[in-house]
Amino acid sequence: MSTPTPAPQKVAVIGAGMVGLSTAWFLQEQGVEVEVFDRDGVAAGSSRGNAGWITPGISTPLPDPAVLSYGIKAVISPASPVYVPVTGDPRLLRFLAAFTRNSTMRRWSRSMRALVPINGHALPAFDDPAAGGVSSPAHEARSFASGYETRAETEFLLTELEHIADSGQEVGFEVLTGDEVRAAEPTFSDRIGAGIRLLGQRYVHPGEFVASLADSVRARGGTIHEGARVTGITDEAKGVRPALHRDGTRSFDSVVVATGIGLDALVRPFGVRMHVRAGRGYSFSVPIDHEPKGPVYLPTQRVACTPLGDRLRVAGMMEFRKPEAALDPRRIEAIVDATRPYVTGVDLDDRQDEWVGSRPCTSDGLPLIGATSSRRVHVAGGHGMWGMTLGPATGRLLAQSIVTGRPAPELTPFDPLR
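What this report covers is the structure whose coordinates are included nearby. (Residues numbered from 1 in each chain as written. Predicted model: local features only at pLDDT ≥ 70, side-chain atom pairs only at ≥ 80, totals over all residues. Heavy atoms only, no water.)

Examining helix α10 (residues 329-339)
If you check which residues of α10 are buried, you get R331, I332, A334, I335, V336, A338 and T339. In the core, the buried residues of α10 are packed alongside β4 (82-83), β15 (277-287), β16 (296-298), β17 (303-308), β18 (311-319) and β19 (352-361). (Buried < 20%, exposed > 50% of the residue type's maximum accessible area, 1.4 Å probe, protein only. Helix = DSSP H or I, 4+ residues; strand = E, 2+ residues; numbered from the N terminus. Contact = heavy atoms within 4.5 Å.)

As structure tokens, this is what we get:
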């Protein structure tokens, strides 16, 4: 009989974004000592500038049949909601080919069914940190409204909601007239003639929430090393060692790699072949005359707006470019032009915090969560647009799996070795 692997006492988490810090926090809940390493700092990547939506009701696979309708002319335009610059990068071309193969209804439905169980953990997993000292709140969305010019335009989202429900995902919604949606959310302009209100969703100020999560990890005895770049991982008889760029190596019982788009280089030696690609998103904040009761969504334009105090964060776009590429001002202007006709009381010309960040995307739209070929090296990443929504759920389920040695069944579809 094989000897059971003892529960780890000390775990290194590489990555101080939403997913990494959530995993560290839930490991502490299990009595594990944690150290977190990040090459930059807390919430330095896509956790900082995203829309901050906590929306398990619409957490769906990114490869979507709608992508196939764009066409080549659309996706190479900088004004397109999905932008792919002309490139000869063979790795990007292979990724896009696989992404396209997965953008069928059959594969979308299969992936959607895989997401339903972890989506069910999303909101309860936010409740645990709130009860455990994380001070930045996850706000209940008193209104979560999507606005359209015409009733006919709502059919796309209504059909998607029907498919989501068919997959077993609970999502409540109401269909509104133009007068009703503007009454519910005066941020919409008179151009909005119909709407859909989602029920039971939440939102956070992403940078503040992740910073609060980091403060809680520290307050409970964890250490967060900022400016600590991990260049490799060595699995030895006495422990697993992350190699630090300047400070050598340290030994731990287990390691969790949650570095977003930096996953590949660290986990490829442990059998992980699924490529994580940067799907870059843009955002900025603007002053508003009236604070919305919750997120404001323009689905046709693919623009997401979130109230952050006296300002509105406006976010959008999916851009498959190298993560280190500079912010492209054409993309900011495209968001502004797409948004301007449909909102009122929003000064889109007084922009602050213009930002671009890299969402970690997989070609099948499913994250990578679980053990690698080494039972001491684990992965948590590749969540695409849903790292904020699924970060705490990922952390809770993965922490349980690491400590008990029994993989959570909800994580089976996200096997990093698939």
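Regarding the sheet that holds strand β3 (residues 53-54)
The strand order across the open sheet built from 3 strands is β3-β9-β5, with neighbouring strands paired in antiparallel fashion. The strands lining the two open edges of the sheet, one partner per strand, are β3 and β5 (139-140). Sheet topology places β5 next to strand β9 (residues 202-203); 2 bridges connect them, and they run antiparallel. Looking at the pairing, E140 lines up with R202 of β9. (Pairing = 2+ DSSP bridges.)

A closer look at the packing of aromatic side chains
Under the definition given, this model contains 8 aromatic pairs. Through pairs of rings, three or more aromatic residues link up here, namely W53, F144 and Y297. (Phe/Tyr/Trp six-rings, centres within 6.5 Å; stacked < 30°, edge-to-face > 60°.)

Points about unusual backbone geometry
Unlike most non-glycine residues, M317 shows phi in positive territory, near 80°. Counting through the fold element by element, M317 comes out in strand β18. In this model, D353 sits at a positive phi of 55°, which is unusual for a non-glycine residue. Secondary-structure assignment places D353 in strand β19. By relative accessible area, which is 51% here, D353 ends up exposed.

What about the pattern of salt bridges?
For the structure on display, the rule yields 28 salt bridges. With a closest N to O distance of 3.3 Å, R321 and D328 form a salt bridge. Judged by its relative accessible area of 6%, D328 falls in the buried class. Among the charged side chains, a salt-bridge network with shared partners connects R280, E319, R321, D328, R330 and R331. (Salt bridge = Lys/Arg side-chain N within 4 Å of Asp/Glu carboxyl O.)

Remarks on the sheet that holds strand β11 (residues 230-236)
Taken in spatial order, the 3 strands of this open sheet run β11-β12-β13, and their pairing is antiparallel. The two strands at the open ends of the sheet, each matched to only one other strand, are β11 and β13 (248-249). In terms of strand pairing, strand β12 (residues 239-244) meets β13 through 2 bridges, oriented antiparallel. Pairing of L244 across the sheet is with G248, part of β13.

A few points about the nonpolar core
Nonpolar side chains in soluble globular proteins tend to end up buried together. Counting 67 residues, the largest nonpolar core has L21, L27, I118, L161 and F414 as its most contacted members. Ranked by the residues each element gives to this core, the list is headed by helix α5 (residues 105-131), at 10 residues. Ignoring any residue separated from it by four or fewer positions in sequence, one finds I118 in contact with I369, L390, A393, T394, L397, L411 and F414. Listed in part, the 25 residues of the second largest apolar core include L176, V296, L312 and V346. (Core = buried A, V, L, I, M, F, W, Y, C linked by side-chain atoms within 4.5 Å.)

Remarks on the environment of G15
For G15, the position within the fold is in the loop between β1 (10-14) and α1 (18-29). Residues G15 and D38, spaced 23 residues apart in sequence, show a C-alpha to C-alpha distance of 4.8 Å. Excluding residues within four positions of it along the chain, G15 makes contact with G20, L21, V36, F37, D38, A258 and T259.

What about the side chain of T306?
Looking at the element boundaries, T306 is found in strand β17. T306 gets classed as buried once you look at its relative accessible area, which sits at 0%. Beyond its immediate chain neighbours, meaning those up to four positions away, T306 contacts A51, W53, Y203, V204, R311, L312 and R313.

So yeah, pure geometry; function would need other evidence.
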